[in-house]
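Below, each chain spelled out in residue letters.
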Amino acid sequence: MRSQWHISRSGIRSSTQVGRANNSKGSNDCRNFATTLCVLGCAVFTFLLLSGCGNKNVSAAASPPPNVQIVEVIERDVPVYHEYLATLDGFVNAQIQPQVSGYLIKQNYLEGALVGKNQVLFKIDPRPFQAIVDQAKAQVAQAEAQLGKTQLDVQRDTPLAKEKAIAQSQLDNDIQANLAAQATVQADKAAVEQAELNLEFTNVRSLIDGVAGIASGQVGNLVGPQIILTTVSQLEPIKAYFTVSEQQYLAFVKRNPTVAAREARQRQFELDLILADGSIYPRKGKFYAADRQVDIQTGAIRLAALFPNPSNVLRPGQFGRVRFVSYTRTGALLVPQKAVVELQGSYQVAVVGNDNKVTLRTVKVGERTGAMWIVDEGLKPAERVVVEGVQKVRDGMLVHPTLVNAPAEGN
């Protein structure tokens, strides 16, 4: 390659010398440009960082306190209602079972209708039992004839034995035969009574006044004492069975420590019956009895109430709910149920102080009454609690509260 010559102010240079000079100048320019970019990048990053922090502080300072609705803690005497699932049953349920075996030949009642005590519901074929009665009477007649003969023997042999005309042992035998004949007559008469009783048992009667159920036995069936033909239930009044927990039972005992106090309180109970369609039965019920034991499997005790049922509207097997005022809580503190937050088995409310700052406080709750909750511990009367916006408040947070009315207890 041939060298090319260049003329410049510094003199005449070859193309090789010119290239080296240009390369050295380009390298210096690149290094200077990189340094400038680095300095500018650091400046921009620092500016952005400082600008971001400043905007954050400005935003935090500018965000207003959240709006919440608050209510005041209410103090008043509260009737505490208790409500339990109930099952209805007849006051008396008589299972109608025949006492003799035989074939059903007649049904004498209308299923589902009222029947009276001693009314004949079913008829069993009486002919075999009538034959037994006739046979027993015949045996009585035979025994009485034998008794007459022994009496004649005693009357005849008594004077002969006194005159030594016959042996005394013969008279003794006559006397014993007469006594045996008397016993036979009594036994045969008892057999007649039993036969007549069995004959009467062919008329299967109702044991009580009440409503008779659908028959399980039909005409022509062979029935016996082990067969339940139907059931008759006394429905006026009707029973309502329900169960309460052992803890509730013990609480009732503590409020009424003596037998007299408990019996007096039980007489005061007026029970409402809420039917399956949600309607309330128009007649009030009364407490009837408590079971003798607590169920060891459920830890509950069974109670019974009585409700008037003159029209037989209520029937055994119906379900409903029994509700009544268990007691009156004096000076109870009430807050809406939605103001209480349950957290891992404990209960909290958000209390707003006079400075509008929130304090999360753990409370102990009691019974519910409508939309309200009785608070046993943790609150004071007229304190303000958050009822709307509970989920967005934190302990120590400043809020903007709006006082609203507490919901009615029945809502």
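Every value quoted in this text rests on a predicted model; they were computed, and no experiment measured them.

Calculation notes
- Residues numbered from 1 in each chain as written.
- Predicted model: local features only at pLDDT ≥ 70, side-chain atom pairs only at ≥ 80, totals over all residues.
- Heavy atoms only, no water.
- Salt bridge = Lys/Arg side-chain N within 4 Å of Asp/Glu carboxyl O.
- Buried < 20%, exposed > 50% of the residue type's maximum accessible area, 1.4 Å probe, protein only.
- Helix = DSSP H or I, 4+ residues; strand = E, 2+ residues; numbered from the N terminus.
- Expected span 1.5 Å × (residues − 1).
- Contact = heavy atoms within 4.5 Å.
- Pairing = 2+ DSSP bridges.
- pLDDT = per-residue confidence, 0-100.
- Phe/Tyr/Trp six-rings, centres within 6.5 Å; stacked < 30°, edge-to-face > 60°.
- Lys NZ or Arg CZ within 6 Å of the ring centre and 35° of its normal.
- Axes fitted to C-alpha atoms, helices over the stretch in contact; angles between N-to-C directions.
- Parallel < 35°, antiparallel > 145°, perpendicular 65-115°, else oblique.
- Left-handed = near helix turned anticlockwise from the far one by under 90°.
- Nonpolar A, V, L, I, M, F, W, Y, C, P; charged D, E, K, R; others polar.

Chemist: Got a minute to help me understand the pattern of salt bridges in this structure?
Modeler: Once the charged atoms of two side chains with opposite charge are near each other, the side chains can pair. This structure, assessed with the given rule, holds 13 salt bridges. Here Arg205 and Glu200 are joined by a salt bridge, their closest N and O atoms 2.8 Å apart. For Glu200, a relative accessible area of 33% corresponds to the partly exposed category. Salt-bridge contacts for Arg329 lead to Asp376; the nearest nitrogen and oxygen are separated by 2.5 Å. Here the residue Arg329 occupies a position in strand E15 (residues 319-336), and Asp376 occupies one in strand E19 (residues 372-377), the gap between them amounting to 47 residues.

Chemist: In this structure, what is going on with helix H3 (residues 168-200)? I would like to understand it.
Modeler: Three- or four-residue spacings in an α-helix give side chains the same orientation, since the helix completes a turn every 3.6 residues. Helix length check: H3 (33 residues) gives 49 Å between terminal C-alpha atoms against 48 Å at 1.5 Å per residue, within 8%. All of the buried residues along H3 are Leu171, Asp174, Asn178, Ala181, Val185, Asp188, Val192, Ala195 and Leu199. Tucked into the core, H3 has its buried residues touching helix H2 (127-162) and strand E8 (203-205).

Chemist: Would you explain the pairing of strand E3 (residues 67-72) in this entry?
Modeler: Two faces, one strand: in a regular strand the side chains alternate between the faces of the sheet. In the sheet, E3 pairs with strand E21 (residues 400-403) via 4 bridges, with the strands oriented parallel. Bridging from a neighbouring strand, Val68 pairs with Pro401 of E21. Pairing between E3 and strand E20 (residues 384-388): 4 bridges, direction antiparallel. Looking at the pairing, Ile70 lines up with Val386 of E20.

Chemist: What exactly am I supposed to notice about the confidence of the model for the protein chain here?
Modeler: Interpretation of the predicted coordinates at a detailed level should be avoided for regions scoring low in pLDDT. Counting all residues, the mean pLDDT for the protein chain is 84, and 84% of those residues have values of 70 or more. Ignoring residues within four places in sequence, the model shows residues 1-30, a span with pLDDT below 50, making 17 contacts including any to other chains. Every residue in residues 42-60 is under pLDDT 50, and counting partners more than four places away or in other chains gives 0 contacts.

Chemist: Would you explain the sheet that holds strand E7 (residues 120-124) in this entry?
Modeler: Across a sheet, strands are paired by hydrogen bonds formed along the backbone, either parallel or antiparallel in direction. Strand order in the open sheet formed by 4 strands is E8-E7-E5-E10, and the pairing between neighbours is antiparallel. Two strands close off the open sheet at either side, each with one partner strand: E8 and strand E10 (222-223).

Chemist: How should the packing of aromatic side chains be read in this particular structure?
Modeler: Describing an aromatic ring pair means giving the distance of the ring centres and the angle of the ring planes. Evaluation of the coordinates by the stated rule reveals 9 aromatic pairs. Aromatic side chains Tyr109 and Phe122 sit 5.6 Å apart centroid to centroid with 75 degrees between the ring planes, which places their arrangement in the edge-to-face category. Remark: Phe122 occurs in strand E7 and Tyr109 occurs in the loop between strand E5 (102-107) and strand E6 (114-115); sequence separation between them is 13 residues. Phe122 gets classed as buried once you look at its relative accessible area, which sits at 1%. Consider the rings of Phe269 and Phe324, whose centres lie 5.1 Å apart with planes at 55 degrees: the pair is tilted. Within this pair, whereas Phe269 is found in the loop between helix H5 (259-268) and strand E12 (272-275), its partner Phe324 is found in strand E15, the two being separated by 55 residues in sequence. As far as burial versus exposure is concerned, Phe269 and Phe324 are alike and both buried. Geometry around Tyr327 places Arg255 over its ring, the cationic atom sitting 3.8 Å from the centre. The ring centre of Tyr241 lies 3.7 Å from the NZ or CZ of Arg302, which sits over that ring.

Chemist: Please explain the packing of H2 against H3 as it appears in this structure.
Modeler: Interaxial distance between H2 and H3 falls to 8 Å at its minimum, and their mutual angle equals 165 degrees. Here H3 runs roughly antiparallel to H2, going by the angle between their axes. Between H2 and H3 lies a crossing whose hand is left-handed. Within the contact of H2 with H3, the residues separate by chemical class into 18 nonpolar, 12 polar and 8 charged.

Chemist: In this structure, what is going on with the environment of Lys117? I would like to understand it.
Modeler: Following the sequence through the fold, Lys117 ends up in the loop between E6 and E7. The exposure class assigned to Lys117 is exposed, which follows from its relative accessible area of 56%. With 92 residues separating them in the primary sequence, Lys117 and Asp209 have C-alpha atoms 4.8 Å apart. Leave out the neighbours within four places in its chain, and Lys117 touches Ser206, Leu207, Ile208 and Asp209.

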